[in-house]
Structure formats: C-alpha cells, structure tokens
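In case you want the letters, here they are:
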Amino acid sequence: MDIKTRIKMPEKISTPLYVGVFFGFLLIFLLLGFPWDSVERRAVFEIQSNSPVPVLIGDADMKGLSSIELSDIRVILGDREPLVIDRARVSAGLFSVIFSDDTRVSFSLNAYGGEIEGKVSQNMKKNKVTSAEVDVNSVESSSVSRLFLGNSGISVSGKVEGSIKFLGEGESGGISKMEYLVSSPSLSIAVDKVQGFEVKEEYKNLSVVLRGTANRFESRIESFSLTNPQMSLQAEGKAPSPLRFRKGAALDLSVTFKPSPEDAKLALVGGFLGPRGTDGVFSGRIQGTLSKPEIIRADGGS
C-alpha cells in the first residue's frame, strides 16, 4: 500500500488554529529574544518628551508585556522644590494600545509616605490625554504644601486623602477641567506670621475638607473648612488654577473665622478680618495674589 494512501492531510486548517500558532510563536519570541532594554529606554524617552514639565527618571524596569516600573523620579517645577516620587508603576492593555485609538492606562505611585492610584485615558490619534482619575491615600502634606505656600509664613503637616478628576472638553480633547475633594481628619498648621504679625503657634488635630472645581484659568473653591476645638474657619471663592499654577494669579476668597475666646493670639488674628457681630465671629476677604495676599476687613478696611 502506498504510504500516501495511509496519511490523510487536512483539507482546511481553521482560523483559530492559525491564530493560536501565531501567538504561540510570538510568546516564545517575546520571552527569549525581546529587546527589553530598548523598550525601557524608549518608554523613559516618551515620558520625558511628552511631559509638560521636566521629569528625571532614575531607573526603569519592564514588568511583563504591558507594565513598566519607574523609580527615583523627580518632577521639576520651575525654581520650586521638585516633586519626588519613589516608585511608579504604569500599565496599559496590550490590545487596546495596538488596536484602539483610545487607550486607558492605569498607574500607582509611592510618594511622601502614601500611595496615589489612578487611570488616564488618551486618544492615540490626537496624542492627547482626554480624562484622568486620581485617588490619594495617606500622603504626607508637608512637602507638597511647601510647593504652593512657599515663604508665606504658614506650613502644613499631616496625612491627606482625596480624589481628583481631570476632564477633557470638546472634540479637540485635552484636559480643560478639574474636580477635586481633599480631606484630612488630623492636620497640623504652624503659623509663623500673618500680615507681619508674629503668631508662632501650631494648631493640631484639625479636620479639613477642601472641595472645588478648576479650569485652565482659575479654581473655584466651593467649600473649605478648617476646624478643631480652638477654631473654625470657612472659606469659598476664587484661587489660582492647579492646571496652570501661577503665584501671580488672582485670589479672591470670602472668609469666616471663629476663634476660641480663650486663645488671645487667634482672637488677634481674627481682628485682621473684622467682627461680623457680637458672637465672636470675624469675616472678610483675602484678595490680591497667592504670593502677595491682602486681607480686606468686613468693614472695608485692610
């Protein structure tokens, strides 16, 4: 008998089999011969090239086919102290990156004793970030607050938590809006000076809530509260936008302050605002800029 008559060749190989064989050989190639070092260098280059501010990355390490871990990161913010990120892990769906114009990237950061997690959506065709969500968990506020408060005579410390959403607008894409909620059950604020007056006090165990929105031009603080047994402070109004932060941007906040009558220094600070009535409550406005704020008393003085 001819051997050809005993071997039956398949008339047709199914598509799933083709796909399975292709991905099998692809996996072998990736595991044995994939240029991981080149991909790591390329990833670092893309991050540094596309960042709106200078970024320095100490090391990069690929974790599987769709994740990269970065360490010793410095984000340079002009002449201010850089933001320091100990570790960052960025992951993206492999198939969405290859086959879709809209890619969602998830990330986690270890910085300032806490963790920051989030997701970023990007339109690959337009090369623009269209939205992002960030959750902040137990991050120490002291280092971060120095970036914004500078030499204002006020320093902040304590763990903070919160959520921040970045939203795009219109067909052009790009981030143009921001919604934020930041809180702390136990914050400490050290006040060195207020309007040239030496306070030299630290107020601890403050419950803090900050809620608002922002666009590219300004931030609308919907509510800001700062309370403990010694004081109660409420504020709302306009502040510089975190999306385009400038110390010279306009500041216009309506402030209500009620100090403990037993704290003479706080009562004196309240006097810069002006009494609202006879109930020990002071009110006024903070105007000017973040670098040069001016307190306007409720009675129109300053």
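Structure shown above.
Quick caveat, the model's predicted, so the values are computed rather than measured.

Novice: Explain the overall build of the protein to me, please; I cannot follow it from the model alone.
Specialist: A tally of helices and strands in the protein yields six helices and 15 strands. Contacts spanning at least 24 positions in sequence make up 40% of the contacts within the protein whose residues lie at least 6 apart. With the model as given, the accessible surface of the protein reaches about 18600 Å², and the carbon-plus-sulfur share is 57%.

Novice: What is the right way to look at the pairing of strand β12 (residues 231-239) in this model?
Specialist: The two faces of a sheet get side chains in turn, since along a regular strand they alternate between them. Pairing between strand β11 (residues 219-228) and β12: eight bridges, direction antiparallel. Each bridged residue has a counterpart across the sheet, and for F224 the counterpart in β12 is A235. Where β11 folds back onto β12 in an antiparallel hairpin, the turn is made up of two residues. As paired elements, β12 and strand β13 (residues 250-259) share eight bridges and run antiparallel to each other. Within β13, the residue paired with K238 across the bridge is D252.

Novice: Before we go on, may I ask you to explain the environment of S283 in this structure?
Specialist: With respect to the helices, strands and loops of the structure, S283 is situated in strand β14 (residues 282-289). It is 9.6 Å that separates the C-alpha atoms of S283 and L233, two residues lying 50 residues apart in sequence. For S283, the contacting residues outside a window of four places in its chain are V255, T256, L273, G274, R276, R297 and A298.

Novice: I would appreciate a short explanation of unusual backbone geometry in the present structure.
Specialist: Excluding glycine, residues mostly carry a negative phi; peptide bonds, for their part, are mostly trans. At D72, a residue that is not glycine, the phi angle is positive and equals roughly 55°. Within the secondary structure layout, D72 lies in strand β2 (residues 67-75). Classification of D72 as partly exposed rests on a relative accessible area of 42%. Of note, the phi angle at S138 is positive, near 55°, even though the residue is not glycine. On the basis of relative accessible area, S138 is assigned to the partly exposed category, the value being 31%.

Novice: What's the story with the side chain of S188 in this structure? I'm lost.
Specialist: You can see S188 is positioned in strand β9 (residues 175-194). Looking at S188, the relative accessible area reads 14%, which means it is buried. Setting aside its immediate chain neighbours within four residues, S188 contacts S155, V156, S157, E202, Y203, K204 and N205.

Novice: Before we go on, may I ask you to explain the pattern of salt bridges in this structure?
Specialist: Pairing is possible between side chains of opposite charge, provided their charged atoms come close. All chains considered together, the criterion is met by six salt bridges. The salt bridge involving R220 is made with E218; its shortest N-O contact spans 3.7 Å. You can call R220 partly exposed: its relative accessible area is 41%. D252 is the partner of R285 in a salt bridge, and the nearest nitrogen-oxygen pair spans 3.0 Å. Here the residue R285 occupies a position in strand β14, and D252 occupies one in strand β13, the gap between them amounting to 33 residues. Judged by its relative accessible area of 34%, R285 falls in the partly exposed class. D252 sits in the partly exposed class, given a relative accessible area of 24%.

Novice: Mind showing me how you'd approach the environment of V269 here?
Specialist: Among the secondary structure elements, V269 is positioned in helix α6 (residues 264-270). The buried category is assigned to V269, whose relative accessible area is 16%.

Novice: Sorry, what's going on with the nonpolar core here?
Specialist: Within the largest apolar cluster, 47 residues are counted, with the highest numbers of intra-cluster contacts made by L70, I73, I85, Y203 and L206. Every residue in contact with Y203, bar those within four places of it in the chain, is listed here: L187, S188, I189, V191, N228, Q230, M231, D263 and L266.

Novice: Whenever I open this one, a positive patch on the surface confuses me. Can you help?
Specialist: On the surface, a cluster of positive charge is made up of K126, K128, R216, R244 and R246. Tracing the sequence through the fold places K126 in the loop between β5 (114-123) and β6 (128-140). In this structure K126 comes out as partly exposed when scored by relative accessible area, which is 44%.

Novice: I would appreciate a short explanation of the side chain of S67 in the present structure.
Specialist: Relative to the elements of secondary structure, S67 occurs in strand β2. Here the side chain of S67 touches S91 through a polar contact of 2.7 Å, side chain to side chain. Contact partners of S67, with chain neighbours within four places excluded, come to D61, M62, R89, V90 and S91.

Reading guide: rules and limits
- Residues numbered from 1 in each chain as written.
- Predicted model: local features only at pLDDT ≥ 70, side-chain atom pairs only at ≥ 80, totals over all residues.
- Heavy atoms only, no water.
- Helix = DSSP H or I, 4+ residues; strand = E, 2+ residues; numbered from the N terminus.
- Contact = heavy atoms within 4.5 Å.
- Areas by Shrake-Rupley, 256 points an atom, 1.4 Å probe, with all protein chains shown as cover.
- Pairing = 2+ DSSP bridges.
- Buried < 20%, exposed > 50% of the residue type's maximum accessible area, 1.4 Å probe, protein only.
- Salt bridge = Lys/Arg side-chain N within 4 Å of Asp/Glu carboxyl O.
- Core = buried A, V, L, I, M, F, W, Y, C linked by side-chain atoms within 4.5 Å.
- Patch = residues over 30% accessible without salt bridge, like charges linked within 9 Å, V, L, I, M, F, W, Y side chains within 5 Å.
- Lys, Arg positive; Asp, Glu negative; His and termini not counted.
- Charge placed at Lys NZ, Arg CZ, Asp CG, Glu CD.
- Polar contact = N/O pair within 3.5 Å; in protein donor to acceptor, adjacent residues only side chain to side chain.

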